[in-house]
Every structure is written in structure tokens, then in C-alpha cells.
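# Breakdown of the fold
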2 protein chains.
Amino acid sequence: MTTNKKRTIRLALLGLEQKPDAVSNILQSFRSLGVDVVNEVFQNDNENLFVRLDGEDRFDGLLLPLALGIENLPTDIEWFVPCQRLEETLLPVDDDTPAIFFKKDHQLFLTLRSFYVASVAFVGGGPGDPGLCTVAGCEALRHCEVCLYDALVADSLLAEIPATAKALYVGKRSGHHSCGQREISEKLAYYSRQGLRVVRLKGGDPGIFGRLAEEVETFDRYSLPYRVIPGVSSLLAATTGTGMFLTRRHISRGFTVLTPRHAQKSSELEPDPVYGSYLKRPPRPVVFFMAMARIGELVENLKKRGRLATEPAAVVWGASTSSQEVVRGRLGDIE
Amino acid sequence: MTTNKKRTIRLALLGLEQKPDAVSNILQSFRSLGVDVVNEVFQNDNENLFVRLDGEDRFDGLLLPLALGIENLPTDIEWFVPCQRLEETLLPVDDDTPAIFFKKDHQLFLTLRSFYVASVAFVGGGPGDPGLCTVAGCEALRHCEVCLYDALVADSLLAEIPATAKALYVGKRSGHHSCGQREISEKLAYYSRQGLRVVRLKGGDPGIFGRLAEEVETFDRYSLPYRVIPGVSSLLAATTGTGMFLTRRHISRGFTVLTPRHAQKSSELEPDPVYGSYLKRPPRPVVFFMAMARIGELVENLKKRGRLATEPAAVVWGASTSSQEVVRGRLGDIE
């Protein structure tokens with residue numbers, strides 16, 4: 001409880017008249033954590049309570065049975081901490097259990113929640129070869145209770161998930177989404193709040209074309225804890241892994257990564273300076289992700305912007321997987 | 001022996017008069033592999049032999065004691081295969097042992113050598129946190145007999161190397177090279193040719209600013225087998241791992257990676273189109289490697305080329321390690 005600066009909290013109590021022992025235990029639990037509780041009991045007066053809770057600073061939160069708390073909560077009230085955790089019993093909770101509802105982002109709420117909500121691990125599962133998952137990623141998988149995984153993940157990596165865990169496929173194959181982005185984020189938050197150890201397993205590295213930002217945003221909004229375990233991107237499997245190194249002394253001092261997908265309206269590549277004035281010097285490598293559907297168009301655009309048809313080029317499918325194919329040639333050969 | 005199309009080879013024999021049994025065993029071993037040997041014995045006539053071997057196609061290789069073979073070999077003769085391997089005994093060999101010296105890149109030589117030379121594994125050890133090494137990388141370390149490792153590798157990762165293995169530090173810290181690039185490559189080739197299981201452990205991903213190209217070139221020149229296990233680049237640890245995602249739907253469709261190190265002569269950044277015309281659209285992220293020594297200069301150059309002082313910028317040290325530091329701010333704040 002060292003992160004909580006405020007050693008006294010004000011709680012409003014409602015609907016717990018039938019459970020004086022539970023209330024007393026909870027207040028005692030707080031005291032054993034070094035936190036004093038000042039409480040005020042409301043009886044059958046939800047409306048007055050909520051107005052006071054929402055509008056002024058007098059209360060830090062509510063102590064009420066879960067059954068009562070689910071509906072009509074003021075908007076700035078944070079989700080609950082089940083009180084059993086305070087008394088060191090275990091989840092799950094039932095509707096009749098007392099729980100504390102704190103004001104949003106209340107420091108004590110975050111601390112209490114950290115007792116039972118484990119950080120969701122966003123894991124980069126690597127490019128397909130299960131050997132290219134990180135040690136930390138495998139470790140997280142082996143101890144998870146829920147795993148939401150994508151299409152690009154190797155089957156043998158899924159074998160690391162315990163048999164008792166819930167493994168949910170939420171993959172997207174271009175065009176076919178088994179589950180919307182918003183739905184995935186909400187599912188993750190749902191399982192996390194239940195106090196389960198959740199892994200969100202993504203292909204490659206989740207920060208590169210992995211839509212990690214959208215999922216993490218939801219966690220930030222709910223102040224839910226998470227950690228990210230980076231992975232080997234398919235970028236690296238397709239280059240380093242196939243002997244095409246992105247940097248090379250005296251030849252390449254960098255590289256660029258792009259996707260032609262989801263360009264704004266126009267089917268042209270954006271008029272990006274990275275394509276310009278390349279005739280005057282050896283160009284740095286450019287790697288395109290998710291480019292197969294528009295490859296002809298892409299090559300035309302590159303040539304229009306001055307990349308030579310004789311420039312080395314390669315197409316890589318399924319990097320690092322058993323179906324890996326690498327076709328090396330010249331830009332002009334690609335159709 | 002299925003990769004060898006030629007089922008008959010022509011060997012010249014020299015200096016093995018005292019070892020008729022050894023010669024007979026070797027020829028028998030070839031036959032058991034489905035390869036017929038036609039041989040011609042030369043006595044005390046090295047010069048004539050070498051001329052005929054070097055100049056014409058009559059012989060595929062030489063069978064001679066190692067002691068004899070080390071000096072004055074014609075230039076197009078490949079290194080040896082110790083004949084014990086044919087007879088299924090073990091390395092190491094001593095100077096009195098018969099060995100076969102093949103013409104360079106002879107297919108049978110490569111096949112025979114593959115019996116005793118294991119692929120050297122070039123392993124991306126990840127950005128520093130040992131948990132970010134791949135499963136395959138750790139596996140290679142655990143079974144190696146020799147490991148050449150860099151400065152950027154985590155100590156606890158080195159603990160995976162067996163106590164019986166030789167672990168050689170060949171690191172470079174900017175300016176201080178404990179071992180030249182050429183020396184590293186030659187050392188790797190040396191241990192590999194001894195039939196040892198060699199791991200070349202590099203920080204991050206070896207294909208990104210890892211000088212992998214130079215080391216692999218040596219292996220290509222000697223036709224020595226190798227495999228590359230990509231790793232989590234510090235690029236990903238510094239971005240995905242710290243919550244700064246390189247791509248984001250509707251915001252960033254790609255990114256560029258560069259280093260200001262080793263620019264040709266001028267201390268200016270190369271006049272690269274990636275810096276130009278950024279005022280007109282939200283710029284893609286640019287990540288600079290090895291930039292700390294020239295950071296003031298770098299920021300000046302970026303601003304000169306149109307990047308705004310108000311643009312978000314961050315500096316990351318020791319990504320993923322216990323000494324990780326992240327400073328977030330604006331381009332204009334960086335000095």
C-alpha cells in the first residue's frame with residue numbers, strides 16, 4: 001500500500017444493512033493495510049447518494065453489494081474491487097458480495113485492484129516459426145488463464161497454452177474478421193477485470209502493423225495494467241532470416257518500412273519523399289508489408305518515382321514458416 | 001549422399017604408402033556410401049601431381065596425410081575432410097591421419113563436410129533483457145561448444161552457454177574494438193572447420209546494424225554452412241516495448257530507421273529525401289540508432305530539413321535492460 005499517499009478514505013455505504021459482520025471485516029481489512037475509513041451509511045436513498053458522490057469530493061467511493069452496484073452508477077465511478085481480496089479470499093465473486101466502487105483513477109482503487117488484476121501481456125509471438133517466439137513470451141503463454149490469439153500465430157505455439165486455459169481465436173485474414181477490433185479490446189478488459197491472467201498473442205511484433213495501439217488505448221482508458229513483450233517481426237524473418245540484411249556497412253545505413261494497404265482513397269502510393277531522387281545514390285532498402293494484393297500497382301509506382309527496373313527486389317511469403325517462399329530478382333521482373 | 005549426383009570420383013593418392021590398410025578402409029567407406037573411387041598413386045612427385053590437379057579435370061581431389069596437405073596446396077583446392085568421419089570415428093584428427101582434399105566447391109566435398117561441420121548459428125540475442133532472446137536462440141546457446149559474443153549481450157543470457165564450452169568476448173564498444181571484424185570472421189570459420197558447434201551471439205537482431213553481412217561473406221567464401229536466427233531488435237524494444245508504436249492505423253503507415261554514424265566525410269546527415277517536404281503531412285516516425293554522440297547535430301539537421309521543433313520526440317537508452325531510460329518530449333527540447 002506504499003503507493004497510496006492518502007491514508008484516510010471516505011466511503012459511502014449502501015444496502016449492507018443485512019451484513020454488519022462483512023462491513024466490519026472490510027473496515028478492519030483496510031485498517032490492517034494502514035488505511036483509515038470514515039464512512040456514512042445511506043439507507044434507501046440511492047439518488048441523494050449518487051448526486052453527492054458525483055458532484056463533490058466528500059466521498060472517495062462506495063461500499064455496496066455487487067448486485068446493487070451494477071446499475072445506475074454515476075459516470076465518474078470506477079469499476080469495483082471485490083472486497084474478498086481485502087480479506088484475502090479468492091475470486092470469483094457473487095452478486096451478493098460487498099465491493100468497493102471508487103471514483104475514477106482513485107489511487108487507492110488502482111492499488112487495491114493491482115492485488116487481483118494481473119497485467120495483461122501483449123505478446124509478440126514472432127513471425128510463425130514457434131522457435132522465434134521469445135522466452136518471456138512463451139513463459140507468459142504457459143501461465144495464462146485466457147489467451148486471445150491471431151491468425152498469424154503458429155499452432156505449436158498455441159500448444160504452450162495450458163489445457164485448462166481458455167484459448168480464443170480472434171484472428172483477421174484480409175477481409176475476414178472473426179472479431180472486430182473493439183470487441184477484442186473489450187474482451188481483454190473483461191477477462192482482465194475478472195482477475196484472470198490474460199495473454200493477447202499477436203503475430204510478429206505487436207508494434208509493427210499489429211494494431212497494438214488500439215487495444216492498449218482501451219486499457220489506458222480503464223486504467224488497467226498491461227505489459228508488452230516485443231517479438232521478432234516478420235520484417236526481420238523476411239530479411240535477416242533469409243540472408244537479406246537491411247543494413248550493411250558502406251552500403252545501407254538504414255531502411256524504410258511501409259504498407260500500401262489502407263492508403264487514403266487514391267490507389268496510388270502516397271507521394272512520399274522516400275521514393276524521390278533515388279537515381280542519384282544507391283537507395284536504402286524499402287520493405288513493404290501486406291503488399292501482395294497490390295504488387296503490380298506498387299512496382300509501377302516505384303518505377304514512376306525513379307526506382308530502376310534493374311534494382312534488386314525480392315518477394316517473401318510466410319517468412320520463417322514451413323511454407324516460406326523467397327523469390328529474388330529485379331524490380332522489373334515483378335508483376 | 002543423395003545430393004551427390006556424381007557417383008564416381010577420381011582421387012590422387014600421395015604419401016600413404018605406409019598405410020595400405022587405412023587407404024583400403026577409406027575406399028571401402030566410399031563404396032558403402034554408394035560412391036566409386038578411381039585412384040592413381042603418386043610417389044614423391046608432388047609437383048607433377050599438383051600441376052595436373054590444378055590444371056585439368058582429371059582429379060576431383062587428393063587423398064593424403066594431413067601433415068603433407070597443409071603446405072603448398074594449389075589455390076583451387078578446398079580444405080580437407082578428415083577421413084575418420086567416413087569410417088565413423090570421431091574428431092579430432094592428428095597430422096598423421098589421411099584426409100581428402102577436394103577441388104573447391106566440389107559437391108561431394110560439401111556433402112562429406114556436412115557430416116562433421118555443423119551450421120554455425122548467428123543468433124540475435126535480443127535487446128538486453130534475456131527474456132527477449134528467442135527460444136531457438138537459447139536452444140542454440142545451450143548446445144554450443146564455442147560462442148563468440150558481443151558487448152550488448154545480457155550476462156544472464158551467457159549463463160545459458162554450457163560450462164564446458166569456450167565463450168569468447170569479441171565485443172565492440174564505440175571506438176574500442178576488442179577484436180577486428182576480419183578476425184571475428186576467421187575465428188568463426190576456424191572453429192566451424194574443426195567440427196565444433198559454434199554460436200555467434202549478437203545483440204538485438206543481427207541483420208540491423210549488426211555487421212552480419214561481413215561475417216556471413218566469409219562463410220560464403222569458404223562454402224561453410226550457417227543459419228541465422230533473427231532476434232528482437234532494440235528498435236522494437238525501444239518502441240513497442242516502451243509503448244511507442246511505430247505504426248498506427250490512420251496515423252502511421254510505416255517508419256524509417258537510420259544511423260548518423262559513419263556518414264561519408266561530411267558530418268552532415270546525407271541529403272536524404274526522407275527528411276524533406278515533411279511540413280505538408282504528418283511525418284512517419286524515424287528511429288535513429290547509435291545517435292547519442294551526435295544528437296545535437298542530428299536535431300539541428302532535422303529542423304533544417306523541415307521537421308518541427310514541436311514534433312514529439314523521445315530518447316531511449318538501454319531499451320529492455322534494467323538501466324532503461326526513456327525521455328519523452330519535443331524535438332526542440334533535445335539538445
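For the structure, check the block above.
Let me begin by describing the structure that accompanies this report. (Residues numbered from 1 in each chain as written. Chains lettered and ligands numbered in written order. Predicted model: local features only at pLDDT ≥ 70, side-chain atom pairs only at ≥ 80, totals over all residues. Heavy atoms only, no water.)

Our focus in this paragraph is unusual backbone geometry. Residue and element names in this part refer to chain A. Although it is not a glycine, methionine 290 adopts a positive phi angle of roughly 45°. For methionine 290, the location among the structural elements is in the loop between strand 14 (286-288) and helix 10 (295-304). The partly exposed category is assigned to methionine 290, whose relative accessible area is 38%. The phi dihedral of serine 320 is positive, around 80°, even though this residue is not glycine. Inspection of the secondary structure assignment puts serine 320 in the loop between strand 15 (312-317) and strand 16 (325-330). Judged by relative accessible area, serine 320 falls into the buried class, the value being 18%. (Helix = DSSP H or I, 4+ residues; strand = E, 2+ residues; numbered from the N terminus. Buried < 20%, exposed > 50% of the residue type's maximum accessible area, 1.4 Å probe, protein only.)

Turning our eyes to something else, we now look at the pairing of strand 3 (residues 61-65) of chain B. Residues and elements named next belong to chain B. Counting buried residues along strand 3, five of its five residues qualify, which places the element largely inside the surrounding structure. In this sheet, strand 3 lies alongside strand 1 (residues 8-14) in parallel orientation, the contact comprising three bridges. Paired with alanine 12 across the two strands is leucine 62, which belongs to strand 3. As paired elements, strand 3 and strand 5 (residues 98-103) share five bridges and run antiparallel to each other. Bridging from a neighbouring strand, glycine 61 pairs with phenylalanine 102 of strand 5. (Pairing = 2+ DSSP bridges.)

Residues and elements named next belong to chain A. Tracing the chain through its elements places phenylalanine 289 in the loop between strand 14 and helix 10. Distance in space between the C-alpha atoms of phenylalanine 289 and threonine 259 is 4.9 Å, their sequence separation being 30 residues. What phenylalanine 289 contacts, discounting residues up to four positions off in sequence, is Ile208, Phe209, Ser233, Ser234, Leu235, Val257, Leu258, Thr259 and Pro260. (Contact = heavy atoms within 4.5 Å.)

Quick look at the sheet that holds strand 14 of chain A now. Strand pairing in a sheet relies on backbone hydrogen bonds, with the paired strands running either antiparallel or parallel. Across the sheet, which stays open at both edges, the four strands sit in the order 14(A)-13(A)-13(B)-14(B) with mixed pairing between neighbours. Each end of this open sheet is capped by a strand with a single partner; those strands are strand 14 of chain A together with strand 14 (286-288) of chain B. On average, each strand axis in the sheet is inclined to that of its neighbour by 15°, with strand direction left out of account. As paired elements, strand 13 (residues 254-258) of chain A and strand 14 of chain A share three bridges and run parallel to each other. Bridge pairing in strand 14 of chain A places A:Val257 opposite A:Val287. (Axes fitted to C-alpha atoms, helices over the stretch in contact; angles between N-to-C directions.)

Turning our attention to the state of the cysteines. Residues and elements named next belong to chain B. Enumeration over the complete set of coordinates arrives at zero disulfides over all chains. Free of any disulfide, cysteine 133 has its nearest cysteine sulfur in cysteine 138, 3.9 Å distant. A disulfide-free cysteine, cysteine 147 has its sulfur positioned 5.0 Å from the sulfur of cysteine 144, the nearest such atom. For cysteine 147, a relative accessible area of 0% gives the class buried. (Disulfide = S-S within 2.5 Å.)

Attention now goes to the packing of helix 7 (residues 181-193) of chain A against helix 8 (residues 212-221) of chain A. Residues and elements named next belong to chain A. Where helix 7 meets helix 8, the axes come as close as 9 Å, and the angle between the chain directions of the two elements is 45°. In terms of their interaxial angle, helix 7 and helix 8 are classed as oblique. Helix 7 and helix 8 meet at a crossing whose hand is right-handed. In this structure, helix 7 uses Gln181, Ile184, Ser185, Glu186, Leu188, Ala189 and Ser192 to contact helix 8, whose residues at the interface are Glu214, Glu215, Thr218, Phe219 and Arg221. Split by residue class, the contact of helix 7 with helix 8 holds four nonpolar, four polar and four charged. (Parallel < 35°, antiparallel > 145°, perpendicular 65-115°, else oblique. Left-handed = near helix turned anticlockwise from the far one by under 90°. Nonpolar A, V, L, I, M, F, W, Y, C, P; charged D, E, K, R; others polar.)

So, on to helix 8 of chain A. Structural remark: α-helix, 3.6 residues per turn; residues separated by three or four positions point the same way. Residues and elements named next belong to chain A. Counting buried residues in helix 8 gives seven out of 10 residues, a clear majority hidden from the surface. Burial in helix 8 covers these residues: Leu212, Ala213, Glu214, Glu215, Val216, Thr218 and Phe219. Those residues of helix 8 that are buried are in contact with strand 6 (120-124), helix 7, strand 11 (198-202) and strand 12 (226-229). The first or second residue beyond helix 8 is serine 223, which carries a positive phi of 50°.

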